[in-house]
Amino acid sequence: MNETQKRILALKAEKGALILAHYYQTMDIQEIADIVGDSFELAKQAKAAGQQIIVLCGVKFMAESAKILNPGKTVLLPVLDAGCPMADMITPDDVLRLRKEHPDAAVVCYINSSAAVKAVSDICCTSSSAVRVVRSLPQKKIVFIPDKNLGAYVASQVPEKEFVFYNGFCPVHNGVTLRDVLAAKEAHPGAKVLVHPECRPEVLSHADYIGSTKGILEYAAASGADEFVIGTEKGVAERLGSLAPDKRYYVMTDRFTCSDMKKTRLSDVLRCLETGTYEIQMTPEEISAAYQSLDRMIRVP
Ligand code: 13P
Ligand code: SF4
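Residues numbered from 1 in each chain as written. Chains lettered and ligands numbered in written order. Predicted model: local features only at pLDDT ≥ 70, side-chain atom pairs only at ≥ 80, totals over all residues.

Regarding the overall build of the chain
Next, step 1: Along the backbone of the chain there are 15 helices and 12 strands.
Next, step 2: Relative to the globule expectation of 19 Å for 301 residues, the C-alpha radius of gyration of the chain, 19 Å, shows essentially globular dimensions.
Next, step 3: Judged by the C-alpha coordinates and their principal axes, the chain covers about 55 × 50 × 30 Å.
Next, step 4: When burial is assessed residue by residue, the chain has 49% of its 301 residues classed as buried.
Next, step 5: Nonlocal contacts in the chain, meaning residues at least 24 apart in sequence, comprise 63% of its contacts between residues at least 6 apart. (Helix = DSSP H or I, 4+ residues; strand = E, 2+ residues; numbered from the N terminus. Rg over C-alpha atoms; globule rule 2.2 N^0.38 Å. Buried ≥ 20, exposed ≤ 12 C-beta atoms within 10 Å, placed from the backbone. Contact = placed C-beta atoms within 7 Å.)

What to know about the sheet that holds strand 7 (residues 141–145)
Next, step 1: Spatial strand order, 6-5-7-8: 4 strands in an open sheet with parallel pairing. The outermost strands of the open sheet, each flanked by one partner alone, are strand 6 (123–125) and strand 8 (162–165). Pairs of neighbouring strands in the sheet enclose a mean axial angle of 30 degrees, with direction left out of account.
Next, step 2: Each of strand 5 (106–110), strand 7 and strand 8 touches helix 5 (residues 92–101); the most contacted strand, strand 5, lies at about 155 degrees to it. (Pairing = 2+ DSSP bridges. Axes fitted to C-alpha atoms, helices over the stretch in contact; angles between N-to-C directions.)

A short note on the site of ligand 1
Next, step 1: The environment of ligand 1 is formed by Asp38, Ser39, Phe40, Asn112, Thr126, Ser127, Ser128, Cys170, Glu198, Ser212 and Thr213.
Next, step 2: In terms of residue class, the shell around ligand 1 is built from 2 nonpolar, 7 polar and 2 charged. (Near = placed C-beta within 6 Å. Nonpolar A, V, L, I, M, F, W, Y, C, P; charged D, E, K, R; others polar.)

Here's the deal with the site of ligand 2
Next, step 1: Lining the immediate environment of ligand 2, one finds 14 residues, of which Cys84, Met86, Cys170, Val172 and Cys258 sit closest.
Next, step 2: Here the shell around ligand 2 is composed, by residue class, of 9 nonpolar, 2 polar and 3 charged.

Focus: the pairing of strand 11 (residues 227–231)
Next, step 1: For strand 11, the buried fraction is high: 4 of the 5 residues fall into the buried class.
Next, step 2: Bridging between strand 9 (residues 192–195) and strand 11 involves 4 bridges; their strand directions are parallel. Residue pairing across strands places valine 195 opposite glycine 231, the latter belonging to strand 11.
Next, step 3: Direction of pairing for strand 11 relative to strand 12 (residues 248–251): parallel, over a ladder of 4 bridges. Residue isoleucine 230 lies in a different strand from strand 12, and its bridge partner there is valine 251.
Next, step 4: The parallel pair strand 11 and strand 12 is bridged by helix 13 (residues 234–243), and the resulting crossover is right-handed. (Right-handed = clockwise from strand over helix to strand, strands pointing away.)

Some remarks on the sheet that holds strand 11
Next, step 1: What the 4 strands build is an open sheet, ordered 10-9-11-12; its pairing is parallel. The open sheet has two free edges, formed respectively by strand 10 (209–210) and strand 12, since each of these has just one partner strand.
Next, step 2: Of the strands in this sheet, strand 11 and strand 12 touch helix 13, which is tilted by about 170 degrees from strand 12.

A short note on helix 10 (residues 178–187)
Next, step 1: Looking only at helix 10, the buried set comprises Asp180, Val181 and Ala184. End-on view of helix 10: buried residues confined to an arc of 95 degrees, all on one side of the axis. Along helix 10, the residues that are exposed and aim more than 90 degrees away from the buried face are Arg179 and Glu186.
Next, step 2: Next to the buried residues of helix 10 lie strand 9, helix 11 (201–204), strand 11 and strand 12. (Arc of directions from axis to C-beta.)

A short note on the domain arrangement of the chain
The accessible area lost on association of the parts is a frequent measure of interface size.
Next, step 1: Entries for the chain in the domain assignment read domain 1 (3–83 + 261–282), domain 2 (87–169 + 290–299) and domain 3 (176–251).
Next, step 2: If you look at the interface, domain 1 gives 11 residues, while domain 3 gives 9 residues.
Next, step 3: Looking at the side of domain 1 that touches domain 3, the elements with two or more residues in it are helix 2 (27–32) and helix 3 (39–48).
Next, step 4: Grouping the constituent residues of the side of domain 1 that touches domain 3 by class yields 5 nonpolar, 4 polar and 2 charged. (Domains from an automatic or database assignment.)

Looking at the environment of aspartate 226
Next, step 1: Relative to the helices and strands, aspartate 226 is located in the loop between helix 12 (213–222) and strand 11.
Next, step 2: Classification of aspartate 226 by C-beta neighbours within 10 Å gives partly exposed; the count is 13.
Next, step 3: Considered as a pair, aspartate 226 and isoleucine 29 are 197 residues apart in the sequence and their alpha carbons are 26 Å apart.
Next, step 4: Residues contacting aspartate 226, with those up to four places away along its chain left out, are Lys247 and Arg248.

Given below as structure tokens:
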């Protein structure tokens, strides 16, 4: 532990704060977090939190989700402009237009979206819950927003439903190509290929396992293999390297970096605890409008 990490832990204890971090955060931040998780885990833990202050080391939609699920708590995001470009690709008006065009469909909204978009959706999902969420719905027709790649993956797993997609995507995952996965397989022919469903279908078609960041970590931990190509942001490979250093993990391409996730530094977390910046501010109306779709997701068995 370095000095800044020690000061963060002391201040966290003094203030009674809970620090949640996503797997894409740098390892020094993962080390000071109470809980490190995928988007689903972070939402669930935020809802269950006993602490009055939650520091969310991740991006804005994650901190907003924590606030929506926990309106009485103070939710802090250490870096104000840590956003998700995919979340900015769709507006509530786009969703309302889709609703008008497909009145018989359920609107399933990836958690990587704004609170206003969640508010006009029927239910949220994360990459680890999307298939379960879609299967749980009575409607045969699903409008899946905004990630076209996750949507196509879910459709492949739930062929009995009919899907309408939106043209959103993660610039980091969607930027990885068939060439990248083939090159990684050629360089590491004995490795298992573990890929996040935000990747393009042609990349997923070469995966041994497809799943959320948490799913990838669990698969690698349980697998008898000792070499893995990791098809998601490099924070996951770094965590694997620190949890099970006896195995080898190769990031599929060095373009697998989410610059928004990497904006948070230890000094930001320390300042956040010292000064209470930046607090997620939402009106009670914004919170209650978005609550249902997130809460429904968490309740899907
Ligand atoms: P997970 O829910 O798998 O952690 O994914 C979050 C994300 O932003 C992936 O790019
Ligand atoms: Fe958004 Fe992609 Fe970064 Fe995930 S990796 S937070 S989807 S930009």
